[in-house]
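As a plain string of letters, each chain reads:
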Amino acid sequence: MEENASGTLRRILSDEDDTTATGPQHSEQDIARTDQSTTLWLRLKDGITKRLRLLKLMWKWALAISLNYLITLLMFPALLTKVPQVTCWGDWTPIILIAIFSYTELVGKVLGPNLSPYVSASHILVMVGARLVLLPLLILCIMPFESPILDTGNSEIAFFLAMLIGFSSGLLSSIAMSRGPTEVAERDKELAGMIMVFSLLAGLTIGAWIAVGPSEALSTGAVQETMTCLTDEGHP
């Protein structure tokens, strides 16, 4: 009897020891998971705070590159490719205008870093805003469809507009991209470059969405006017 009682006592004490040993292990695992979640949240919060702090230092440059590409997408390719045929270019007019835009934009991007030291953040915003003047000029080359106000039958007008749109786009975007990261400390330049790229993509995305409306409106208007002309010719 004594042996059975002592064995039972040993088992009870052993079960209590196991319970005591396993209990804290589960608690430590829960604590570890909580610490990891807290650390992840703190890192995310620090990352957002750091990016906002850098954006406050370079917001003019980031805004400039976003607006620059937004304005570019409003004009190219949505409107520029709808310029009526130039007499001497014929059906090649859209292709030649796209080529002129591309080459002059490349020239602007090459020259941009050389001119960037002479351009301030306030100046870049003014120059980007001034590009809006090109938008109504381009529209006058297209409308009214039957006889545009600015006659592009003469190649100089179409050539000059395509060149000005492309060169200003490349020049100002290059200046903004090269100057933006210089507003922050050396250790933050890589992150500042990422912010500038994000601003560039934001401008492209918003500009592309906005440009869909005018492009569709012009296409619909051109079709309707063509149908009206054909109807008038069929019923004198």
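Below: a short report on this structure. (Residues numbered from 1 in each chain as written. Predicted model: local features only at pLDDT ≥ 70, side-chain atom pairs only at ≥ 80, totals over all residues. Heavy atoms only, no water.)

### Focus: the overall build of the protein
Move 1: Looking only at helices and strands, the protein features 6 helices and 0 strands.
Move 2: Listing each helix as α and each strand as β along the protein from the N terminus yields α-α-α-α-α-α.
Move 3: Taken over 236 residues, the protein has a buried fraction of 33%.
Move 4: Of the contacts formed within the protein by residues at least 6 apart in sequence, a portion of 82% connects residues at least 24 apart.
Move 5: Only carbon and sulfur atoms are counted for the fraction: they give 67% of the accessible area of the protein, which is about 14,800 Å². (Helix = DSSP H or I, 4+ residues; strand = E, 2+ residues; numbered from the N terminus. Buried < 20%, exposed > 50% of the residue type's maximum accessible area, 1.4 Å probe, protein only. Contact = heavy atoms within 4.5 Å. Areas by Shrake-Rupley, 256 points an atom, 1.4 Å probe, with all protein chains shown as cover.)

### Concerning the nonpolar core
Move 1: Counting residues in each nonpolar core, the largest one holds 40 residues, and the members touching the most others are Trp61, Leu80, Leu97, Ile124, Leu138, Ile165 and Met196.
Move 2: Secondary structure elements with two or more residues in this core: helix H1 (2-75), helix H2 (93-115), helix H3 (121-130), helix H4 (134-140), helix H5 (155-179) and helix H6 (189-234).
Move 3: If you tally residues by element for this core, the top one is H1, at 9 residues.
Move 4: For Leu80, the residues in contact, after removing those within four places along its chain, are Met75, Leu97, Phe101, Leu138, Ala162 and Ile165. (Core = buried A, V, L, I, M, F, W, Y, C linked by side-chain atoms within 4.5 Å.)

### Here we look at unusual backbone geometry
Move 1: Residue Pro77 follows Phe76 across a cis peptide bond; omega there is 0°.
Move 2: Note on placement: Pro77 falls in the loop between H1 and H2.

### Describing a nonpolar patch on the surface
Move 1: A cluster of nonpolar residues, Trp41, Leu42, Leu44, Ile48, Leu52, Leu55, Trp59, Leu63 and Leu67, forms a patch on the protein surface that exposes about 850 Å² of accessible area.
Move 2: In this structure, Trp59 sits in helix H1.
Move 3: The class for Trp59 is partly exposed, based on a relative accessible area of 43%. (Patch = residues over 30% accessible without salt bridge, like charges linked within 9 Å, V, L, I, M, F, W, Y side chains within 5 Å. Salt bridge = Lys/Arg side-chain N within 4 Å of Asp/Glu carboxyl O.)

### What about the side chain of Ser174?
Move 1: Structurally, Ser174 is set in helix H5.
Move 2: When sequence neighbours within four positions are dropped, the list of residues in contact with Ser174 reads Gly108, Lys109, Gly112 and Pro113.

### A look at the pattern of salt bridges
Move 1: For the structure on display, the rule yields 3 salt bridges.
Move 2: Here Asp188 and Lys50 are joined by a salt bridge, their closest N and O atoms 3.4 Å apart. Residue Asp188 is located in the loop between H5 and H6, and its partner Lys50 is located in helix H1; the two are separated by 138 residues in the primary sequence.
Move 3: For Asp188, a relative accessible area of 2% translates into the label buried.
Move 4: The class for Lys50 is partly exposed, based on a relative accessible area of 33%.
Move 5: Of the charged contacts in the structure, one is a salt bridge between Arg53 and Asp188, with a shortest N-O distance of 3.8 Å. One end of the pair, Arg53, is in helix H1; the other, Asp188, is in the loop between H5 and H6, with 135 residues separating them in the sequence.
Move 6: One continuous salt-bridge network, built from bridges that share partners, spans Lys50, Arg53 and Asp188.

### Overview of the side chain of Glu105
Move 1: Checked against the element boundaries, Glu105 lands in helix H2.
Move 2: Buried charge without a salt bridge: Glu105, with Lys109 as the nearest opposite-charge side chain at an N-O distance of 4.1 Å.
Move 3: With residues near it in sequence (within four places) discarded, Glu105 still touches Tyr69, Gly166, Phe167, Ser169 and Gly170. (Lys, Arg positive; Asp, Glu negative; His and termini not counted.)

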